[in-house]
Amino acid sequence: MFLGYLVCFAFFLLTIVLQTRPKGFVNTPFIDRLVTRSLRYLRSGFSIHLRGPAGTGKTTLALHLADLLNRPTVLIFGDEQLKSSDLIGTQSGYHRKQVVDRFIHSVVKIEDEFGENWLDSRLTLACREGFTLVYDEFNRSRPEVNNVLLSALEEKLLVLPPNIQRSEYVRVHPEFRVIFTSNPAEYCGIHDTQDALVDRLVTIELEEPDELSEIEMLVCKYSFDRRDAETIVRLVKRFHQETESDKTSGLRSALAIAKICQVHDIPIRSDCEAFRDLCGDVLLSRAAISLSKAQGYLDALLDRLTPEMTGENADRAADIPVKNQPESPRKSPEEAIAPTVAYELEIYDYLQHNHGVRVSAIESALGIDRVEAVRGLRSLIQKGLVVHKDARLYVSSSGLD
Ligand SMILES: Nc1ncnc2c1ncn2[C@@H]1O[C@H](COP(=O)(O)OP(=O)(O)OP(=O)(O)O)[C@@H](O)[C@H]1O
């Protein structure tokens, strides 16, 4: 009995066995539906496959499901360098047993016995003990390495390399389950998934969590004010839509912006330079369009991130699509411009005669610096008099002209 515990303890030391309990898992109706579906399949005896773009919450969901299955969890990360022996086990040298027999005290009898040591790896351990195996991004491993899983999932037999000292098969424990996750095939470093393997699984296609789930994550993880969380999530979602950044989900970007704002006390305001810089640094590299175009979209979104947008009109303001600028009511020049910052009138006047110029053209034409130009433009954009598109500026067709 004691020896049994000792062997188990050794297993636990030699491999990574987790009691998963992802901290702060957020459950919303959207996520709960995924959890219910997945558990239904797992509890019916199937292994499952969560497939979707980066940052859709696959790993987090897989670990949460593993926790709900209430079995120890073994975690493997797919890797080009992974070998079959990393999955099933390997020979680890030899052991020597010596028996000294002093039955007749004048005679010493020594028996030596040599044998190969076999070390179970994670898959073998999980199959033997009925643990849950989370195989994250399994299609980063070469397909032939994963072949060993085929018989484990179908015939419930794990085949080990030939060896005279132990059985070449492990009978798979009835509680053994695998939760696979994978990114789409077009991602860099991803192998085609074997049809035979996918055929043995139930695959759930994951998409980016809905808005409510993302807002809840920001609120729960970073104790964010709900209205600020809404603003960030909508800003990121809109930016992703406009810039066709659909290779990744916006969730990681929203979480990163929220965390940095929280740690450094950065206000979620369009006139806060640190916030604008942060959004640019997190979001621009993810855009699938040219940098200047992406910058233009981001500026336009941030310019409409007015205090009203975080206030009671949040929903309405955030729902204005970037491509369809709002129609502003016709106003007299004095009423509409009602200059609140320096050079507003001059900038507006210049733009009326010079459509589609860049900020630098305004600076040199009016002899003002970047800060003054941006401040004036921002005010005009907020008043609906100027439109910023593809890094160029236009007088709004619904403005004063
Ligand atoms: N239900 C949830 N509750 C709380 N946080 C979550 C939830 N789902 C996802 N997250 C958070 O979202 C981020 C991305 O999730 P995760 O790493 O699971 O995505 P992924 O799809 O596995 O990404 P990748 O394909 O790049 O590995 C993580 O910071 C994670 O903590």
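Above this text is the structure in question.
A short tour of the structure in this document, coming up. None of these values were measured; they are calculated from a predicted model.

Here we take up unusual backbone geometry. We note that Asn70 has phi near 65°; this positive angle belongs to a residue other than glycine. Tracing the backbone shows Asn70 in the loop between α3 (58-69) and β3 (73-77).

Moving on, we come to the site of the ligand. Residues in close proximity to the ligand total 19 residues, the closest being Val26, Lys58, Thr59, Thr60 and Arg252. A distance of 3.0 Å separates an oxygen atom of the ligand from a polar atom in the side chain of Glu137. Within the side chain of Lys221, a nitrogen or oxygen atom sits 2.9 Å from an oxygen atom of the ligand. Coverage of the ligand by the protein amounts to 84% of the 630 Å² it exposes when considered alone. Elements supplying a minimum of two residues to the shell around the ligand: α3, α9 (211-222) and α11 (251-264). Here the shell around the ligand is built from residues that sort into eight nonpolar, seven polar and four charged. Counting contributing residues, the shell around the ligand receives three or more from each of domain 1 (14-87 + 122-205) and domain 2 (216-304).

This part is about the pairing of strand β12 (residues 392-395). Only one face of β12 is covered, namely the face carrying Leu393 and Val395; the face carrying Arg392 and Tyr394 is uncovered. Where strand β11 (residues 386-389) lies against β12, four bridges are found, and the strand directions are antiparallel. From the neighbouring strand, His388 faces β12, where its bridge partner is Leu393.

Attention shifts here to the packing of aromatic side chains. Going through the model one piece at a time under the given rule, you end up with three aromatic pairs. With a centroid separation of 5.9 Å and an interplanar angle of 35°, the aromatic rings of Tyr135 and Phe180 are classed as tilted. With a gap of 45 residues between them, Tyr135 in strand β6 (residues 132-136) and Phe180 in strand β9 (residues 177-182) connect regions that are remote in the sequence. For the pair formed by Tyr135 and Phe180, the shared burial category is buried. With 4.9 Å between their ring centres and 65° between their planes, Phe138 and Phe180 make a pair best called edge-to-face. One end of the pair, Phe138, is in the loop between β6 and α6 (143-146); the other, Phe180, is in strand β9, with 42 residues separating them in the sequence. Overall, the relative accessible area of 0% leaves Phe180 in the buried class.

Interhelical geometry of α9 versus helix α10 (residues 226-242) gives an angle of 130° and a closest axis separation of 9 Å. As summarised for this structure, α9 and α10 are arranged oblique, according to the angle between their axes. In the crossing of α9 with α10, the sense of the turn from one axis to the other is right-handed. In this structure, α9 uses Glu211, Glu214, Ile215, Glu216, Leu218 and Val219 to contact α10, whose residues at the interface are Arg226, Ala229, Glu230, Ile232, Val233, Arg234 and Lys237. Partitioning the contact of α9 with α10 into residue classes produces six nonpolar, no polar and seven charged.

For the coordinates displayed, the defined rule picks out 14 salt bridges. Salt-bridge contacts for Arg140 lead to Glu137; the nearest nitrogen and oxygen are separated by 2.5 Å. Take Arg140: its relative accessible area is 24%, and that puts it in the partly exposed class. A salt bridge links Glu208 to Lys237; its shortest N-O distance comes to 3.4 Å. With Glu208 in the loop between β10 (201-205) and α9 and Lys237 in helix α10, the pair connects residues that are 29 residues apart, well separated along the chain. On the basis of relative accessibility, which here comes to 24%, the residue Glu208 falls in the partly exposed class. Lys237 sits in the buried class, given a relative accessible area of 17%. Salt bridges sharing partners connect three or more residues here, namely Arg276, Asp299, Asp303 and Arg378.

Parameters at a glance
- Within every chain, residues take consecutive numbers counted from 1 along the sequence as written.
- In keeping with the predicted nature of the model, local features appear solely for residues at pLDDT of at least 70, side-chain atom pairs appear and are counted solely at 80 or more, and the whole-chain, interface and lining totals rest on all residues.
- Computation of side-chain values: all heavy atoms of the structure, hydrogens and water removed.
- Elements are defined by DSSP. Helices are runs of H or I of four residues or more, strands are runs of E of two residues or more, and each kind is numbered from the N terminus.
- The rule for a residue being near a molecule or strand is that one of its heavy atoms must lie within 4 Å of it.
- Pairing of N or O atoms within 3.5 Å defines a polar contact, subject to two protein rules: one partner must be a possible hydrogen donor and the other a possible acceptor, and residues neighboring in sequence count only if both atoms are side-chain atoms.
- Using a 1.4 Å probe, the Shrake-Rupley method yields the accessible areas, and only the shown protein chains count as cover for residues.
- Each residue receives one of three labels: charged for Asp, Glu, Lys and Arg, nonpolar for Ala, Val, Leu, Ile, Met, Phe, Trp, Tyr, Cys and Pro, and polar for the others, Gly being one of them.
- Domain boundaries shown here were taken from an automatic or database domain assignment.
- Think of it in three bands: residues with accessible area under 20% of the maximum for their type are buried, residues over 50% are exposed, and the middle band is partly exposed, with areas taken using a 1.4 Å probe on protein chains only.
- The rule for pairing is simple: two strands pair if DSSP sees at least two bridges between them.
- The rule is short: rings of Phe, Tyr and Trp, with Trp giving its six-membered ring, pair when the centres are within 6.5 Å, and they are stacked under 30 degrees, edge-to-face over 60, tilted in between.
- Fitted lines through C-alpha atoms serve as axes, helices being fitted only where they are in contact, and the angles separating the N-to-C directions of these axes extend from 0 to 180 degrees.
- What sets the label is the angle itself: under 35 degrees gives roughly parallel, over 145 gives roughly antiparallel, 65 to 115 gives roughly perpendicular, and the rest give oblique.
- Helix crossings fall into two classes, left-handed where the near helix is turned counterclockwise from the far one by less than a right angle and right-handed where it is turned clockwise.
- Note on contacts: a residue pair qualifies if any of its non-hydrogen atoms lie within 4.5 Å across the two residues.
- Think of a salt bridge as a Lys or Arg side-chain nitrogen and an Asp or Glu carboxyl oxygen that are within 4 Å of each other.

The values reported here are purely geometric and, on their own, carry no functional implication.
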